[in-house]
Amino acid sequence: MTVSYQHLFLGYEIRDIATHESGVGEWPHLSAITIYIENGHNQDLTITIRGNKEKTTMGSVELVSAFTVAAGAAVSYTLTPETTGWLPYIYVTAKAATAPTTGEINVTIITIEEGTA
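S.K.: Tell me about empty space enclosed by the protein, residues and numbers included.
M.R.: Using the criterion set out here, one finds 1 cavity of 30 Å³ or more in the structure. Taken as a whole, the largest cavity encloses approximately 30 Å³ of empty space. The wall of the largest cavity is formed by Trp27, Pro28, His29, Ser31, Ile33, Thr111, Ile112 and Glu113. It is strand 9 (residues 105-113) that provides the largest number of residues to the lining of the largest cavity, a total of 3 residues.

Below is the structure:
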């Protein structure tokens, strides 16, 4: 089995209260994927996981309702077509209620392909 990683945010610093959009990643197969989120900022972040039929953020839909990742914490969400629906492209948004002064966010898509060497 092969494990693949796509970085949506990598060492991204948030220093305001605006909504930040990550890069767009691919959900290549009708199988589960995991979104691993590390909030290294000194403030909590509100995260949404969004999907689209095209490789753009324009016209996207929410796959997972907004949730909070505490300052200094990491969380993971596993998405499956049965629980969230399936779209070929996904990304996340991140927003702080209070502007962080230190830290960064990392968001990674993890996929496993069985039967590959």
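S.K.: With reference to specific residues and values, describe the environment of Ala94.
M.R.: Tracing the chain through its elements places Ala94 in strand 8 (residues 89-95). Ala94 has contacts with Phe9, Ile14, Ala18, Thr19, His20, Thr46, Ile47 and Ile105, leaving out every residue within four places of it along the chain.

S.K.: Give me the lowdown on the side chain of Thr93, citing residues and values where you can.
M.R.: For Thr93, the location among the structural elements is in strand 8. At 2.3 Å, the side chain of Thr93 forms a polar contact with the side chain of Thr48. Excluding its chain neighbours within four sequence positions, the residues that come into contact with Thr93 are Thr19, His20, Glu21, Thr46, Ile47, Thr48 and Arg50.

S.K.: Tell me about the nonpolar core, and please be specific about residues and values.
M.R.: In this structure, Ile35, Ile37, Ile47, Leu79, Val92, Ile105 and Val107 are the most contacted members of the largest nonpolar core, which totals 22 residues. Where this core is concerned, the elements lending two or more residues are strand 1 (2-12), strand 4 (33-39), strand 5 (45-52), strand 6 (61-69), strand 8 and strand 9. The element that contributes the greatest number of residues to this core is strand 6, accounting for 4 residues. Discounting residues that sit within four places of it in the chain, Val92 has contacts with Leu8, Phe9, His20, Glu21, Ser22, Ile35, Ile47, Thr48, Ile49 and Val107.

S.K.: Pulling in residues and values, what's your account of the pattern of salt bridges?
M.R.: In total, this model carries 3 salt bridges according to the counting rule given. The residue Arg15 makes a salt bridge to Glu13 at a minimum N-O spacing of 3.7 Å. The shortest N-O distance in the salt bridge between Glu26 and Lys55 comes to 3.8 Å. One end of the pair, Glu26, is in strand 3 (residues 25-26); the other, Lys55, is in the loop between strand 5 and strand 6, and 29 residues separate them in sequence.

S.K.: Explain a nonpolar patch on the surface to me, using residue names and the numbers behind them.
M.R.: Among the surface-exposed residues, Met1, Val3, Tyr5 and Ile112 lie close enough to one another that they form a single nonpolar patch of about 450 Å² accessible area. Position of Met1 relative to the elements: it lies in the segment before strand 1.

S.K.: Outline the packing of aromatic side chains, supporting the account with residue identities and numerical values.
M.R.: According to the stated counting rule, one finds 2 aromatic pairs in the structure shown. Ring centres of Phe67 and Tyr77 lie 4.2 Å apart, and the angle between their planes is 35°; on these two criteria the pair is classed as tilted. Within this pair, whereas Phe67 is found in strand 6, its partner Tyr77 is found in strand 7 (residues 74-79), the two being separated by 10 residues in sequence. The class of Phe67 is buried, set by a relative accessible area of 10%.

S.K.: Tell me about the sheet that holds strand 7, and name the residues and values.
M.R.: With antiparallel pairing, the 4 strands of this open sheet are ordered in space as 1-9-4-7. Both outer strands of the open sheet, strand 1 and strand 7, are each paired with one neighbouring strand and no more. Pairs of neighbouring strands in the sheet enclose a mean axial angle of 15°, with direction left out of account. One ladder, built from 6 bridges, connects strand 4 with strand 7; its direction is antiparallel. Its bridge partner lying in strand 7, Ile35 is registered against Tyr77.

Conventions and cut-offs
- Residues numbered from 1 in each chain as written.
- Predicted model: local features only at pLDDT ≥ 70, side-chain atom pairs only at ≥ 80, totals over all residues.
- Heavy atoms only, no water.
- 1 Å grid on protein atoms, 1.4 Å probe; cavity = no way out; pocket = protein on both sides within 12 Å on 5 of 7 lines; lining within 4 Å.
- Points joined across faces, edges and corners; volume = space filled by probe spheres on them.
- Helix = DSSP H or I, 4+ residues; strand = E, 2+ residues; numbered from the N terminus.
- Contact = heavy atoms within 4.5 Å.
- Polar contact = N/O pair within 3.5 Å; in protein donor to acceptor, adjacent residues only side chain to side chain.
- Core = buried A, V, L, I, M, F, W, Y, C linked by side-chain atoms within 4.5 Å.
- Buried < 20%, exposed > 50% of the residue type's maximum accessible area, 1.4 Å probe, protein only.
- Salt bridge = Lys/Arg side-chain N within 4 Å of Asp/Glu carboxyl O.
- Patch = residues over 30% accessible without salt bridge, like charges linked within 9 Å, V, L, I, M, F, W, Y side chains within 5 Å.
- Areas by Shrake-Rupley, 256 points an atom, 1.4 Å probe, with all protein chains shown as cover.
- Phe/Tyr/Trp six-rings, centres within 6.5 Å; stacked < 30°, edge-to-face > 60°.
- Pairing = 2+ DSSP bridges.
- Axes fitted to C-alpha atoms, helices over the stretch in contact; angles between N-to-C directions.

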